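# A closer look at the structure
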Amino acid sequence: MSRRARLGVVGVSSCVLAGLFVWALTGLPRFGEFQGQYGRILNGVAGSERHVTNVVAAIVFDYRGFDTLGEEFILFAAVMAVALLLREARSGEERRVDEVRSDVVRAVGLFAVGPTVVLGLYVVAHGYLTPGGGFQGGVATAGGLVLLYAAGRYRAYRAASPKALVGVAEGTGVGAYAAVGIASLIAGAAFLANDLALGVKGTLASGGTIPILNASSALAVTAACVLIFHEFLEELMTP
């Protein structure tokens, strides 16, 4: 096929894809318009039924908590698979020198480690009261540890997050989430049924099992992110 013919095929294909994209966008609701009745129902009943002020947390850790458990196991399996593949391919040679040499970058970055971790823990702790939760807070907490590498060196990051401990933490987070559901079955209720005392709405001691599941998710997500960063940084450091 000549170059002109190939360009013609690419042009026609691009026009077809653009047309399909425009067609897919037709008929969508206007920006900001919500048409889901399920969401309106939960927005009206979640606060009174679960004593939380963040409806999203009630949905994620209660009304569809079983789906979230599946997401936890998907994340767990994905991280384990990546870790196994990268460790198998690594040569084990001596690591490169990776220390940050700018005093300003080191000072600012290392100063931000503590506040970033605290922010992540705050987002986790208040995840069912304000926007946030275990997933978002877990990523933020792991990001604080990554600053140890970004503003310092990999050796500091590795020392602050031992792989063996991180692996145990990830398994504990996923296992604790499933254990709450198993405990509900043992008590004669449905899997992940919220049968604990709901507490006072708007306080940290509210929501029944939601804070437990939220904390379990935070532990699993934080450990998963830290572990995957470990593997990627090891890949970068090993020539």
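### Focus on the packing of helix α2 (residues 37–50) against helix α3 (residues 55–63)
It is the contact of α2 with α3, at a shortest axis distance of 9 Å, that shows an interaxial angle of 85 degrees. With respect to α3, the axis of α2 lies roughly perpendicular. Facing α2, whose interface residues are Tyr-38, Leu-42, Asn-43, Val-45, Ala-46, Glu-49 and Arg-50, α3 presents Val-55, Ala-58, Ile-59, Asp-62 and Tyr-63. Residues that form the contact of α2 with α3 fall into these classes: 8 nonpolar, 1 polar and 3 charged.

### Some points on unusual backbone geometry
In this structure, His-51 takes a positive phi of about 60 degrees despite not being glycine. Within the secondary structure, His-51 is located in the loop between α2 and α3. You can call His-51 partly exposed: its relative accessible area is 24%. Of note, Leu-192 is a non-glycine position whose phi angle comes to about 65 degrees, a positive value. Topologically, Leu-192 is positioned in the loop between α8 (163–186) and α9 (210–237). Residue Leu-192 is classed as buried on the basis of its relative accessible area of 5%.

### Observations regarding the packing of helix α6 (residues 134–150) against α9
The geometry of α6 relative to α9 is characterised by a closest axis approach of 7 Å and an angle of 35 degrees between their N-to-C directions. When you trace α6 past α9, the crossing you get is right-handed. Counting all contacts with α6, which are made through Gly-134, Phe-135, Gly-138, Val-139, Thr-141, Ala-142, Leu-145, Val-146 and Tyr-149, the residues of α9 involved are Asn-214, Ser-217, Ala-218, Val-221, Thr-222, Cys-225, Val-226, Phe-229, Leu-233, Leu-236 and Met-237. Class assignment for the residues of the contact of α6 with α9 results in 14 nonpolar, 6 polar and no charged.

### Description of a nonpolar patch on the surface
A grouping of Val-12, Val-16, Leu-17, Leu-20 and Trp-23 is seen on the molecular surface, where their side chains present a nonpolar patch of about 560 Å² in accessible area. Examined against the element boundaries, Trp-23 turns out to sit in helix α1 (residues 3–25). Judged by its relative accessible area of 63%, Trp-23 falls in the exposed class.

### Observations regarding α3
Residues spaced three or four apart along an α-helix face the same direction, because each turn holds 3.6 residues. Within α3 the residues assigned to the buried category are Ala-57, Ala-58, Val-60, Phe-61 and Asp-62. Structurally, the start of α3 carries an N-cap: the backbone nitrogen of Val-56 is 3.2 Å from a side-chain oxygen of Asn-54.

Here is what the cut-offs are and how they apply
Residues numbered from 1 in each chain as written. Predicted model: local features only at pLDDT ≥ 70, side-chain atom pairs only at ≥ 80, totals over all residues. Heavy atoms only, no water. Axes fitted to C-alpha atoms, helices over the stretch in contact; angles between N-to-C directions. Helix = DSSP H or I, 4+ residues; strand = E, 2+ residues; numbered from the N terminus. Parallel < 35°, antiparallel > 145°, perpendicular 65-115°, else oblique. Contact = heavy atoms within 4.5 Å. Nonpolar A, V, L, I, M, F, W, Y, C, P; charged D, E, K, R; others polar. Buried < 20%, exposed > 50% of the residue type's maximum accessible area, 1.4 Å probe, protein only. Left-handed = near helix turned anticlockwise from the far one by under 90°. Patch = residues over 30% accessible without salt bridge, like charges linked within 9 Å, V, L, I, M, F, W, Y side chains within 5 Å. Areas by Shrake-Rupley, 256 points an atom, 1.4 Å probe, with all protein chains shown as cover. Salt bridge = Lys/Arg side-chain N within 4 Å of Asp/Glu carboxyl O. Polar contact = N/O pair within 3.5 Å; in protein donor to acceptor, adjacent residues only side chain to side chain.

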